[in-house]
Structure formats: structure tokens, C-alpha cells
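Residue strings, one per chain:
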Amino acid sequence: MADNVEWCRAALLECPANHPDRSSFLANLASSLQSRFQQQGILSDLEEAIELHRAALVLRPPGHPLQSSSLYDLAHSLHDRFQQRGFLSDLDEAIELHRAALVLHPPGHYFRSSSLNSLSISLRRRFEQQGALSDLDEAIEFNRAALVLYPPDQSLRSSCFNNLAIGLRRRFEQQGALSDLSEAIELHRAALALCPPGHPIQAEFLNSLAISFRGRFQQQGMLSDLNEAIELHRAALALRPPGHLDRSMYLNNLAFGLHHRFQQRGVLSDLSDAIELNRAALALRHPGHPHRSMSLNNLADNLRSKFKQHGVMSDLDEAIELHRAALVLRPPGNSFRPTSLNDLANSLRTRFQQRNDLSDLSEAIELHRAALALCPSGHSLRSSSLSDLANSLQTRFQQHGRSSDLEEAFRLYLQLFQVSHAVSRRDLCAAKSWAASAEQFKHKSALIAYKTTLKFLDQHVAVLSSSSRYFNVIREATSSLAMDAFSCAVRHDALKTAVELVEQGRAVFWTQLARFRKPLDDLSTSGDAGEALADEFKQVSFRLRKVLDALDASPEDQSPQIRQLTMQWNDVISRIRMLPGFSRFLLPPLFSDLQEAAEGGPVIIVNASQYSCDALIILSAQDPVRVPLDISQTDVTDLSSTFLSLTDHAGSSDHQIELHKIIGVLRKLWHGVVGPIVQVLRRFIPRGSRIWWCPTAEFTLLPLHAAGPYELLSHNLSHFYISSYTPTLATLIRARQQVSRDASTQNFVAIGQANPVGGKTLRCVAAELDVVAQRVAPLLPFTSLADSEATVQGALDALSRKQWLHLACHGMPNRKQPFESSFAMHDGPLMIRDIIRTHLQNPEFAFLSACHTTVGDESSPDEAIHLAAAMQFSGFRSVIGSMWSVDDNVAGEIVSVFYDNLVDDSGRLDCRRAAGALHKAVKTLRKKIPFEQQIVFVHIGV
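Residues numbered from 1 in each chain as written. Predicted model: local features only at pLDDT ≥ 70, side-chain atom pairs only at ≥ 80, totals over all residues. Heavy atoms only, no water.

What to know about the overall build of the protein chain
Here's step 1: Check the secondary structure of the protein chain and you find 39 helices and 14 strands.
Here's step 2: Computed over C-alpha atoms, the radius of gyration of the protein chain comes to 33 Å, within 12% of the 30 Å expected from 2.2 N^0.38 for 942 residues, which places it in the range of a compact globule.
Here's step 3: In terms of its C-alpha atoms, the protein chain occupies a principal-axis envelope of roughly 115 × 70 × 55 Å.
Here's step 4: A total of 942 residues make up the protein chain; the buried ones form 57% of that total.
Here's step 5: For the protein chain, contacts bridging at least 24 residues in sequence account for 68% of all contacts bridging at least 6.
Here's step 6: Positive and negative side-chain charges in the protein chain, numbering 94 and 100 respectively, have mean positions lying 3 Å apart. (Helix = DSSP H or I, 4+ residues; strand = E, 2+ residues; numbered from the N terminus. Rg over C-alpha atoms; globule rule 2.2 N^0.38 Å. Buried < 20%, exposed > 50% of the residue type's maximum accessible area, 1.4 Å probe, protein only. Contact = heavy atoms within 4.5 Å. Lys, Arg positive; Asp, Glu negative; His and termini not counted. Charge placed at Lys NZ, Arg CZ, Asp CG, Glu CD.)

Digging into empty space enclosed by the protein
Here's step 1: This structure, assessed with the given rule, holds five cavities of 30 Å³ or more.
Here's step 2: Considering only enclosed or pocket space, the second largest cavity measures out at about 80 Å³ in volume.
Here's step 3: If you go around the second largest cavity, the residues you meet are Phe643, Leu644, Thr647, Thr700, Leu701, Thr854, Val855, Met883 and Trp884.
Here's step 4: In terms of residue class, the lining of the second largest cavity is built from six nonpolar, three polar and no charged. (1 Å grid on protein atoms, 1.4 Å probe; cavity = no way out; pocket = protein on both sides within 12 Å on 5 of 7 lines; lining within 4 Å. Points joined across faces, edges and corners; volume = space filled by probe spheres on them. Nonpolar A, V, L, I, M, F, W, Y, C, P; charged D, E, K, R; others polar.)

Observations concerning helix α30 (residues 659-681)
Here's step 1: An ideal rise of 1.5 Å per residue puts 33 Å on 23 residues; α30 reaches only 29 Å between its terminal C-alpha atoms.
Here's step 2: Of all the bends in α30, the largest measures some 55° and sits at tryptophan 670. (Expected span 1.5 Å × (residues − 1). Bend = angle between axes of the 7 residues up to and from the residue.)

A closer look at the sheet that holds strand β11 (residues 828-831)
Here's step 1: As summarised here, the arrangement of the three strands in space is β9-β10-β11, forming an open sheet in which the pairing is antiparallel. Across the chains shown, the open sheet's two edge strands, defined by having one partner strand only, are β9 (811-812) and β11.
Here's step 2: The strands touched by helix α34 (residues 792-801) are β10 (822-825) and β11; relative to β11, the strand with the most contacts, the crossing angle is about 30°. (Pairing = 2+ DSSP bridges. Axes fitted to C-alpha atoms, helices over the stretch in contact; angles between N-to-C directions.)

Section: unusual backbone geometry
Here's step 1: Phi at lysine 442 takes a positive value of approximately 50°, unusual for a residue other than glycine.
Here's step 2: Looking at the element boundaries, lysine 442 is found in the loop between α20 (425-440) and α21 (446-462).
Here's step 3: A positive phi angle, near 60°, is found at aspartate 493, a position not held by glycine.
Here's step 4: Given a relative accessible area of 62%, aspartate 493 falls into the exposed group.

Details of the pairing of strand β12 (residues 845-849)
Here's step 1: Burial of β12 is extensive: five of the five residues sit out of reach of the surface.
Here's step 2: In β12, alternate side chains face the same way, and those of Phe845, Phe847 and Ser849 on one face and Ala846 and Leu848 on the other are all buried.
Here's step 3: Pairing between strand β8 (residues 804-808) and β12: five bridges, direction parallel. Within the sheet, the bridge partner assigned to leucine 807 lies in β12 and is leucine 848.

Digging into the state of the cysteines
Here's step 1: This structure, assessed with the given rule, holds zero disulfides.
Here's step 2: Its sulfur unpaired, cysteine 764 is 12 Å from the next cysteine sulfur, which belongs to cysteine 851.
Here's step 3: As a non-bridged cysteine, cysteine 809 has cysteine 851 as the owner of its nearest cysteine sulfur, 9.0 Å distant.
Here's step 4: Given the relative accessible area of 4%, cysteine 809 is considered buried. (Disulfide = S-S within 2.5 Å.)

Observations concerning the environment of leucine 586
Here's step 1: Along the polypeptide, leucine 586 turns up in the loop between α27 (559-577) and α28 (591-594).
Here's step 2: As for leucine 586 and aspartate 458, which are separated by 128 residues in sequence, their C-alpha atoms are 8.5 Å apart.

Concerning the pattern of salt bridges
Here's step 1: Scanning the model with the defined rule gives 39 salt bridges in all.
Here's step 2: Salt-bridge contacts for aspartate 317 lead to arginine 355; the nearest nitrogen and oxygen are separated by 2.9 Å. Here aspartate 317, found in helix α15 (residues 313-328), pairs with arginine 355, found in helix α16 (residues 337-355); they are 38 residues apart in sequence, far enough to count as distant.
Here's step 3: Each of Asp317, Arg351, Arg355 and Asp360 takes part in salt bridges that share partners, so that together they form one network. (Salt bridge = Lys/Arg side-chain N within 4 Å of Asp/Glu carboxyl O.)

Description of the pairing of strand β1 (residues 603-608)
Here's step 1: The buried fraction of β1 is high, at six of six residues.
Here's step 2: Going residue by residue along β1, you find Val603, Ile605 and Asn607 tucked away on one face and Ile604, Val606 and Ala608 tucked away on the opposite face as well.
Here's step 3: Relative to strand β2 (residues 613-618), β1 runs antiparallel, the two sharing six bridges. When the sheet's bridge partners are listed, isoleucine 604 is paired in β2 with isoleucine 617.
Here's step 4: Taking the residues that link successive antiparallel strands as the turn, the β1-β2 hairpin has four residues.
Here's step 5: Here four bridges tie β1 to strand β4 (residues 690-695), and the two strands are oriented parallel to one another. Within the sheet, the bridge partner assigned to isoleucine 605 lies in β4 and is cysteine 694.

Concerning the nonpolar core
Here's step 1: Of all hydrophobic cores here, the largest spans 179 residues; its most connected members are Trp510, Ile677, Phe699, Phe823 and Phe898.
Here's step 2: Looking at this core, the element that brings in the most residues is α30, giving twelve residues.
Here's step 3: Each residue touching tryptophan 510, except ones within four places of it in the same chain, is listed here: Ile832, Ile836, Glu863, Ala864, Ile865, Ala869, Ala870 and Phe873.
Here's step 4: Among the nonpolar cores identified, the runner-up in size contains 50 residues, and Leu119, Leu147, Ala229 and Leu254 belong to it. (Core = buried A, V, L, I, M, F, W, Y, C linked by side-chain atoms within 4.5 Å.)

Remarks on helix α2 (residues 22-40)
Here's step 1: In this model, α2 (19 residues) spans 27 Å end to end at C-alpha, consistent with the 27 Å of a helix rising 1.5 Å per residue.
Here's step 2: Within the span of α2, buried status applies to Ser23, Leu26, Ala27, Leu29, Ala30, Ser32, Leu33, Gln34, Arg36 and Phe37.
Here's step 3: Count one or two residues on from α2 and you reach glycine 41, which has phi positive near 75°.

So this is what it looks like as C-alpha cells:
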């Protein structure tokens, strides 16, 4: 390459200024220099090439046969310089030059396809910098046009496939159409298929496909996609051997994938491999390399993660030194400087906690102050900087006892109340830190902290889609938040506020699903203006979510883009709230709205928090009534753990149930929780009334409806009231508001699966379906699906058309992946995720005669992700479910008596009678069925 450059330079020197071929000699030398730059990365070669291309273009005015070639070559050189130096002026000029070249390459011109392809790449690059979707859409269209012009066997076709795929992936990231991402993956595969093994561009194609798989993993959460992405990154790296100019980037990409998998699975070998790759990338990014600071910071972050796993101080010490080195390379004015200041400060504070060296803590505080000074109001990192500085000040207060440190810490926290930008996970974590600190130091701002945190939670999840992919995000964000907020409000005697806060922070996934599905459906059908606003809201929400996701994954300051999208998001919400009937769109309900839940009888919120355990009785016409509970959260946890172990094998003839221990748990529940509540309820409602339990935390795992002293001459709860459950007040209100349709338009389906593939045979399913048919067929149009007809699709089709459902089969809870909890059908599992995607037509009632249908994720019971909840949130007004295993023999007996009592005086089925019908069935069969089967079924809903 050096010889070629010198040869071209010598030839140019021999060519006089007025020679007719001088432009060609200029262009040849420019091309040789540009090729050498691409091999060796010497920027002066690229700078000289640009100047030579400009000189050649001057000698090729309009009409010159080679003008289009000069336009094209100069555009390419400017594009290369943009990628090195990041000046948008270079990219803008390259686009204009490509447009001018394209005009000179009309349809039919042999070079038109290359011109279209190059222009599309530059437009996509500008979109990546400025976010104008018009640039991206135009890039995609130019790519498609170029692809049509390339013959099937042409080698350049593979690059066009790859470029189009990247454009589609970028559009998916903005608009969320999975069809774009799916097409991108197929195009990446097509590009690879056309690329001969060992071709220099193969690594780029492998890398692009890996990034698309990583994008789909982030969208759908399938670990197989992340695993495939990692393998593709490995294959791409193998094609970038030591000495290759781009090797550091490929090392970094593989390290990123492995670190991401470590965060998902916690496998230490992934973290170790990521660290080694980071070290290798850093070794290639020598002093002066534009991305050296990023490699220093990435390696430091991974070493700090390793320290947290193993506690080896040398890892933390090295992380601190690397953070210091990264900070030096991020001087004042660098957008990454606030991140480096905070990262170094946090590492120093961690070391202080290990060694108690006050100089580390003092330096951390000063670094946090410097970071905060660089994060003005509206900056994406401001809330985390506020929180980090406040935490360090609190640590120093605990060391020295200076009240000024503590006062300053809470003055900083109070600034979070004024955050006006779109809320990210960082903002939410900062607010949660405030609430925890206020509780720890018994600060008067505690209730404001909880209100702020729950407001942030509401705003944060509002931009998430109702996809199960975001359940882990929600689970992490909520934790014990709502229960602690409820406790705080109760301790401050703000009982209405307590109800509002606990409602706002529980069953968040389902609440979002319900909040968006019906209001957006209503908005879309409210007229042309409403339909347009619904579409606009969806698009802006998705774009904002993608930016916030990227912000949480990358320290880069994206404040301008966040501010712009937040303004658009707030604007569209404001316009929606101006429409009649939508004034509280996306706002959490007020107590005056939630109180409607008690129209049919009292609703009792039973709350377990680390700070206190309390019950609030919600009545239809007066303020909530508090019942302090003489039980701790630890006691509740122990009770629920004991009860779950006792009932783990209930319903199976192979195991002996320890009845006396079960009753022991129910007695403790009565004396510590339910008995005191009943004493207060008796002042407001007569015996035999209906009540609704709304338990939180570990209370959701306990059978409150079965509590009692279980002693002679004493009454248990079932002797006083008829119990139902509801996960939230809003859920019960929605069920009440759904008007029952005329019986002549309703249909009943009974689905039974006694012989699922790979499952234990259920001997009594056929008899149970016969019992249901005998009771129901005379009253409603009746369909039965059994055995080979009871398939996943058959069940979904029935659900979409029938209003009444009886389901007799195996229930299969999945406590680690709750959205994969399922009913066992003939051909496989009918999962929660399938049910909630099905559009149901005014469903009324579902009897789930299956095991564990009210069992969800034990680590986050307040999210209520279980089979019965899926039915309820899909629209069923009334649901019967089970808390543990159901005895196949007993279920048929309960079902028979239950349906006899579900018929009202006019001879019609009424789903509002379900709780009473279950209560009577159990009472009737009390002497005939085992005790644990008397209390296994619970009623949820109206």
C-alpha cells in the first residue's frame, strides 16, 4: 500500500496543473491514501485524501463525465472522517454530495445501486446522531431500492442486505414493530449466507446479527437469543485476529454480552471472561486512543462487580485506579465526566466501608459534589448524583454525628420532589433511597419520600409496554415499597393516603395492563381525535422507553433527547386529558374513587411491612377504620413459610397431612390478625355478610378465609362472614362496573383434560364435566371440550367466545417464571402469557378446578402473577381458584353442590352468587371431605 501511495504521488508531481488528466491523478492518490487509512488508521492520510478529492472535484465541473465519481468519493471520505472525529458538518456535507451523485446516476445507470446504498448509510448515521425518523425512513427506502438493483449473485448484495437490516433494527428500536426486528434478523442471515467464509466483511455481518439478537433478547427476554448473540460475537472476534484495527471493538462487544448474561444468570465465569476481554481491549486502546476512557471505565465496573462477589480488596483497589485514569481522560466539558466522578466516588465509599479510612469518604464526598455541579436540573444523572452525595453525607454523619451533614442530605433528597423529566430507573432508585433513609433516621420527610417514590414508579412503568418482559423490571422496582408506604401513612394517621399509596404500588403489571388496555381502547373509539392521540401516545411512549432503557445501560448523557421526548409525552397526555371522560388519564385513583370497591361489603386491606402490620377496613360511606395487628412481618413470613410446607403435598393420597399443624397456623392467624378485625367488623355489618380480603406481602400466601380458634363453643371466621378476595380495589371496581349481559347471549364451556402429555392421569375429570353439564346445560348453551379436543388452541378459541368457563385439569405453577404458569392441555401448556393476549368477549365466571391456581411468584406475591389473576384481569368478573393441590375425587363433589347454589330464584346462573355458592358447598360437605380440601378453594371478584 505504501508503494502505491508513493507511486501515485510521484505520478501527480509529473502532471502539470493544466493537464487534462490531472483530476484523475488527484483522485488516484486520494483513493490510495484513503485505502491506507482504512488499513493503518493514520488520520493524516484521510485528511490529505479529502483535500485531494476536493481538488479533483474542482477540476470536474457540472457536465464533466467523472463529476459523479468525485462527488461519490469525496462523500465517502467525509463519512469516514465523521466516524473518526464525530463532526456533524462532515456527515451533512457527505449526504448532500451523495444526493448530488445520485442525480447523476439516474434509473438504469450501472452505479445507481451503489449510490443509493451509500446515501442510505449516511442518512442512517445522521439519524443515529440526531434522531430524525425521516432520515431513517428515507435510508430504509433507499436501501430497498438498491437491493432491487443488485443481481442475486452479486457480492455487493450481501452488504446491502446488512445495511437494510441495520436500518430496520434502528427503526424497531424507535417504534417497536417486531416485524422490523424479525426482518432485520432474516436479512442479516441472508447477508451471511452470501458472504464467503473468511471474507473480510464476514466479521461485520456476524457482529450485526449478534446485536439484533441482543435487541430481541432485550425485547422478549429469551436467554437463547442472548446466548446466540454471544456465540456470534465470539465468531466475529475470531475473524478479527491480533493486529486487526477493529479488534478492540469486537473484544468490547463480546465482553458486553457476557456481562449482560452475568447480570441475568449470575454465572461467575461470564464475569471473569468479560474482565479478561476488557483487559485485552484496553491493551489495544493505547494512550491517545479515542475510546480508551470507555475501556478503563468498563474494566473498573466489572472489577467492582467481582469485588462484590468475592470481597478481594485488590480488585476494588484496581477498580479505583482505573476510574482515576478514566477521569483524567474525561476533562471538564466531557459528557462522560459526571459518570466518572460518581463511579470513582462510589468505589472510594465502598473502600471506606471496608477499611474505615476517612480520607476515602472525604474524597468521595468532594467528587460527588463535583459531579452534582455538572448535573443541572433536567440532567439525566442529577437524581443519582443527589442520592449518592446524600448517602455519603449520611455515612459521615454516622461517623462524626454532625447534624449539618444529615440536614444537607435531606435537603438534597427533597430536590427529587421537583424532578420534571421522564423518570428512569435511576430516579426511582434515588427516591427509594430517600424513603429508606427517612425511615432509618426517622425524618419528617418520610411520607413525602414515599409519595415521590410511588409517583416515580407510576411514571416509570407508564412508558413500559404491558409485556411480560418488563415484569422483572417492575418486580425489582416495587419490592416492599407499597407496603412500607402504607405503614408510613398509617403511622402518620393519613389513612386515606395509605389506601391510595398501597393501591398505587401493588399488582403494578396488571394495573398497567388494565389502565392502558381499556382507556386506550376507549380513546381509540372516541372519535378521530381520540384515535390519533392514542396512536401518538403509543409511538412517543415507545421511543421514550427505548431512550430510557439505553440510558440505564449506558452512562452517556442523553438529556437533550430525553427532554424533547418528555415534552412530547407530557404534551400528548395533556391533550388526552382535555377530552371528555379522560381527565384522569394515567393518574392513579383517589380514595374517593377507590371507596366504590366497598359498595357490596367491606374490603379489608391486611398489610405486612418491616415497620408495622396493620389492617384498614374500607367502608362505603365513611373513612377507613384502622385495626392495629399484634404480629410482626417476621411472624407473618414464618407463618406463610410453615403453611406452604404443610400444604405442599395436600390433595395427594401419597402424603399424610399434618392436620394439627395446619390448624395451629389458622389459630395464630385468628388471634394475631383475623379475630381483631372481626371484632371491629361486627360494629358495622351483620353476621352472614360478605367481606373482601385485600392482603399484601406474605399475607397473600395465607388462607385468611379459614382463620379461627378451632375450639369447642368458639366460632371460626366462616361462621361470621362469607369471604372473597381481591388483589386490588380497582380490580374489584372494574368487575362491578362490567354489566352482565342478557343470559340468552351467553355461552358456557367446560374444558377437561385428564390425560395431558407427560402428566399424571386425573381419573375424575370426565365425571366432573358430566356433573357440570347436568347442572348447567338446561340453563345456558353448553359446550364441552375433553381429552383430544382440549388443546391449547381449542381452549383459547373457547375463551374468546364463551362467557362462562369451567376448567378441570392439572394446574402447573412456575414460581421462577410466573408468566409460564399454565394449565395442562392435550398438546402442551396453556400459559398465562397466552391467556392475557386473548381478546375475551364480556367474560363472566371461571371455575378453575385445578391445583395451585392462586399461587404466583413467592418472591413478589404482591404482583399476583398467577392463573386465577390472569383470568380476572382478562375480564372474568368472578373466579374460583385454589391455594394448593386439589383432590381429584373431592373436586367433583364440591362442584356438584356449588352449581346447585349458583342458580338464582329465577332459575338463572348469576356470577355474583359464586362466593355464597362456594361457602354453602363447603358447609354442606364439611363432614364428608378432608379438612384441607374444605379450605383449598377461594373466591376472587364480585
